[in-house]
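A structural walkthrough
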Amino acid sequence: MSDAETRKPYSKYYYEGAKSPAPETMAQIVWGAPMDPADALLPDQVDALLEPGYLPRESGYCVLPNGVGYAAALTKMPGVTPQANNWWGPWHEQEDLRYKLWCPGSHIRVGPSWAQENVGMGLEDFYFVGRMNPALFGFDLRRVAQQDDIVLIRGSNGLIKPADGSPADRPLPVVVMHYVRKTPEGIEYRSRFWVGLHFLNGKPVVLLKAGERISEERAYGLANHCAHEMATLAYLLPRLYPEFGGTER
């Protein structure tokens, strides 16, 4: 951190480091043990998240038969209110230190629709192409309106590039989606990533070249990183929001 960052009242949380995910989550995210693609949530089946309970696999990673990389992580956040979660989004995007708190050592810089982080493949720039609402993800809006436990469904199409400016064949397309719902204890994040496609007009479109496949390493890295950053957020929000919610300190 810079000297100016160390003087921020929330810099103390940076030194606490990233938190460990729940053991039951990490038992499903093990390098060399990808999930069966049949248990993955396909991008044209997102309405399955609207069903009560949980899917057969809420955490894990694999490469789908069409070459798209898939990653998922479930994070329970007891003591976190919807208000705290909704405050977090715009608050953490305002400066690098706030982004660093979210996953110390992996999150580096943040800006409008852009972030720099290491999700297991070295330092990379993630560019987010607009916020996605449920309709753009292809959800049945009538069913969404009937759910009283949804906090939000958010995410975006994105592009991944090496942060060091090294040559790349092209930016790698990715979709990030977080389905957040209330629980008796607080909220939970059901996070999903698809690498190699974008959603266009509510439909997933694969953007890989013929025969191209996303590496298993990248799919694992996304699942592992998401589990750690969300576990850290579950720790931070009950502390940050009471102290800094509604302030610009």
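Residues numbered from 1 in each chain as written. Predicted model: local features only at pLDDT ≥ 70, side-chain atom pairs only at ≥ 80, totals over all residues. Heavy atoms only, no water.

**Topic: helix 3 (residues 82-92)**
When we look at burial in helix 3, the residues that qualify are Ala84, Asn85, Trp87, Trp88, Gly89, Trp91 and His92. Of the surrounding secondary structure, the elements contacted by the buried residues of helix 3 are helix 4 (96-102), strand 3 (107-111), strand 6 (150-162), strand 7 (172-182), strand 8 (186-195) and helix 6 (216-244). (Buried < 20%, exposed > 50% of the residue type's maximum accessible area, 1.4 Å probe, protein only. Helix = DSSP H or I, 4+ residues; strand = E, 2+ residues; numbered from the N terminus. Contact = heavy atoms within 4.5 Å.)

**Things to note about the pattern of salt bridges**
Counted by the stated rule, this structure contains 13 salt bridges. Note that Glu95 and Arg98 form a salt bridge whose closest N and O atoms lie 3.7 Å from each other. Across the pair, exposure class does not vary: Glu95 and Arg98 are buried alike. The shortest N-O distance in the salt bridge between Asp140 and Arg142 comes to 3.6 Å. On the basis of relative accessibility, which here comes to 65%, the residue Arg142 falls in the exposed class. (Salt bridge = Lys/Arg side-chain N within 4 Å of Asp/Glu carboxyl O.)

**Examining the packing of aromatic side chains**
Scanning all chains against the criterion turns up 15 aromatic pairs. When the centroid spacing of 5.9 Å and the interplanar angle of 85° are considered together, the rings of Tyr14 and Tyr15 count as edge-to-face. Since its relative accessible area comes to 56%, Tyr15 is described here as exposed. Three or more aromatic residues link up through ring pairs in this structure, and these residues are Tyr10, Trp87, Trp88, Trp91, Tyr99, Trp102, Tyr241 and Phe244. Positioned above the aromatic ring of Tyr235 is the side chain of Lys19, whose terminal nitrogen or guanidinium carbon lies 4.4 Å from the ring centre. The ring centre of Tyr179 lies 5.4 Å from the NZ or CZ of Arg190, which sits over that ring. (Phe/Tyr/Trp six-rings, centres within 6.5 Å; stacked < 30°, edge-to-face > 60°. Lys NZ or Arg CZ within 6 Å of the ring centre and 35° of its normal.)

**Describing the side chain of Ser191**
Mapping Ser191 onto the fold places it in strand 8. A relative accessible area of 0% means that Ser191 is categorised as buried. One polar contact links Ser191 to His178, side chain to side chain, over a distance of 2.8 Å. Ignoring anything within four residues of it in the chain, the contact list for Ser191 reads Ala71, Ala72, Ala73, Met177, His178, Cys226 and Met230. (Polar contact = N/O pair within 3.5 Å; in protein donor to acceptor, adjacent residues only side chain to side chain.)

**A word on the environment of Arg213**
Relative to the assigned elements, Arg213 resides in the loop between strand 10 (203-206) and helix 6. C-alpha separation for the pair Arg213 and Val68, spaced 145 residues apart in sequence, amounts to 6.4 Å. For Arg213, the residues in contact, after removing those within four places along its chain, are Val63, Leu64, Pro65 and Gly67. Side-chain polar atoms of Arg213 contact the backbone oxygen of Leu64, separated by 3.5 Å.

**A closer look at the sheet that holds strand 7**
Taken in spatial order, the 8 strands line up as 1-2-8-7-6-5-4-3 in an open sheet, and their pairing is antiparallel. What marks the edges here is a single partner per strand, and that holds for strand 1 (60-63) and strand 3. The sheet shows a mean angle of 20° between the axes of neighbouring strands, direction not considered. Where strand 5 (residues 123-129) lies against strand 6, 6 bridges are found, and the strand directions are antiparallel. Residue Asp125 lies in a different strand from strand 6, and its bridge partner there is Lys161. Seen against the sheet, helix 3 touches strand 3, strand 6, strand 7 and strand 8 and runs at an angle of roughly 25° to strand 6. Contacting strand 1, strand 2 (69-78), strand 3, strand 4 (114-118), strand 5, strand 6, strand 7 and strand 8, helix 6 runs over the sheet at an angle of about 15° to strand 2. (Pairing = 2+ DSSP bridges. Axes fitted to C-alpha atoms, helices over the stretch in contact; angles between N-to-C directions.)

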